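# Notes for the structure review
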Amino acid sequence: MGISDFFYDKMLKMLDAVDNSRFTGEPVERGDAPFTFVVFGDPQVSNYMFARENSFYKGCRDLARSAVIDALVLVGDITENGMKCEFRTVARMLNEISGVVNNFFLIPGNHDVRFRPFHKQLNRFRKFAESVVNGHVPAKGGYYHSHDFPLCRFIMMGTDRSTFEAAYISPAQLDWLDREIGIAESEKKPAFVFNHQTLKGANGLPYTWMGKGKWRGSIGMESNAVKSIFEKHNNVIFVTGHLHFGTSKYNYEDYGSYKCLSVPTVGAGNHGECSYDTQGYVINVYEDKIIAKARRFGDGKYIDKTVDNAEIRIDLQK
Ligand SMILES: [Fe+2]
């Protein structure tokens, strides 16, 4: 038995010990929304911090009780260290809910990529995505890819190098990003752009990264280039994780042509006053608007409306 198999065995035993009947509460609402998806930030499932996978599993079990949703997006740091046993544990949890989630989008975060050569880890990540029923698999050359839905376009970004904390967005990916948003715009659809790290200075940075450094917590060196692309277009919703900051005034910012939505962590602990575990957003998309609701997935309930950005309405530009 290899070390990864050893830890996988331990992780499965922990999941098997969980009593699914204890997950109760109000199911996720989609109402009359023609398109509904859920975003979780940073599961960071770990082979030695088992509370992470417990929190993430609670989020998955919450969805198991809900109406069928169009997609679940994990917006990076899916694992703590990009180990095979960690990816396999996540796949096991996602496959339990593949009957109620039509599409899984898996975004790489710095923790998923940082300890191994780029192509080796990309291949590992692709195999992980292939093992998830209804999972979308990035191409062989890079993590970035897109998917078209009738009401919106999903654009998944990802670093082009093995980086420790920020991301590296290559010129080829920047050109591709510009074209992809252009396609959505020409079809009069909102573009949901997913990346693990937000823009420099956005979503309360640097405070929300515990106040350290001018670029820390953001994409890094290519942040301004990404921002310039967003400014050229309209109806861009930039969805990120990484900050582990609970629902607050920082989670959503409207910059006109683009909006920045930072999603709390579903697996690790959240900073800030609203520090519940297992947070994320339920996003309902309509022809003319988007409604995002912050949810305590672990407790089967929405964040109280008195909390800033517990409910966000985005009116789409025509
Ligand atoms: Fe991260």
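So, a few notes on the structure that sits alongside this text. All values derive from a computational prediction rather than experimental measurement. (Residues numbered from 1 in each chain as written. Predicted model: local features only at pLDDT ≥ 70, side-chain atom pairs only at ≥ 80, totals over all residues. Heavy atoms only, no water.)

### Quick notes on the overall build of the protein
Helices and strands together make up the secondary structure of the protein, namely seven helices and 13 strands. In terms of overall dimensions, the protein is globule-like: its C-alpha atoms have a radius of gyration of 18 Å, near the 20 Å expected for 318 residues. Counting every position in the protein, which comprises 318 residues, the buried fraction comes to 63%. Taking all contacts inside the protein whose residues are at least 6 apart in sequence as the whole, residues at least 24 apart take part in 71%. Summed over all atoms, the accessible surface of the protein reaches about 12500 Å², with 50% contributed by carbon and sulfur. Of the side chains in the protein, 39 bear a positive and 38 a negative charge, and the two mean positions are spaced by 4 Å. (Helix = DSSP H or I, 4+ residues; strand = E, 2+ residues; numbered from the N terminus. Rg over C-alpha atoms; globule rule 2.2 N^0.38 Å. Buried < 20%, exposed > 50% of the residue type's maximum accessible area, 1.4 Å probe, protein only. Contact = heavy atoms within 4.5 Å. Areas by Shrake-Rupley, 256 points an atom, 1.4 Å probe, with all protein chains shown as cover. Lys, Arg positive; Asp, Glu negative; His and termini not counted. Charge placed at Lys NZ, Arg CZ, Asp CG, Glu CD.)

### Quick word on the sheet that holds strand β4 (residues 145–148)
One open sheet holds the six strands; their spatial order is β4-β5-β6-β7-β9-β8, and the pairing between them is mixed. Because the sheet does not close on itself, it has two edges, and the strands there are β4 and β8 (252–254). Taken over all neighbouring pairs, the strand axes of this sheet differ in orientation by 15° on average, direction set aside. As paired strands, strand β7 (residues 236–240) and strand β9 (residues 258–262) are joined by five bridges and run parallel to one another. When the sheet's bridge partners are listed, V239 is paired in β9 with L261. Against the sheet, helix α6 (residues 171–186) touches β4, β5 (153–156), β6 (191–194) and β7, its axis set at about 170° to β5. (Pairing = 2+ DSSP bridges. Axes fitted to C-alpha atoms, helices over the stretch in contact; angles between N-to-C directions.)

### Here's the deal with helix α7 (residues 223–232)
Within α7, burial applies to S223, V226, I229 and F230. Along α7, the residues classed as buried sweep out an arc of 125° about the axis, all on the same side. The inward-facing, buried residues of α7 contact α6, β6, β7 and β9. (Arc of directions from axis to C-beta.)

### Points about the coordination of the iron ion
Each protein donor to the iron ion is listed here as D77 (OD), N110 (OD1), H196 (NE2) and H242 (ND1); together their distances run 2.1 to 2.3 Å. Seen from the iron ion, its four donor atoms lie at angles of 87 to 164°, and the figure they make is irregular. Between consecutive donors of the iron ion, the numbers of intervening residues give the motif D-x32-N-x85-H-x45-H. Within this pair, whereas H196 is found in the loop between β6 and α7, its partner H242 is found in the loop between β7 and β8, the two being separated by 46 residues in sequence. Under the relative-accessibility criterion, H242 is labelled buried at 2%. (Donors = N, O, S within 2.8 Å, 3.2 Å for Na, K, Ca; no water. Tetrahedral: all angles 85-135°; square planar, octahedral: opposite > 155°, others 65-115°.)

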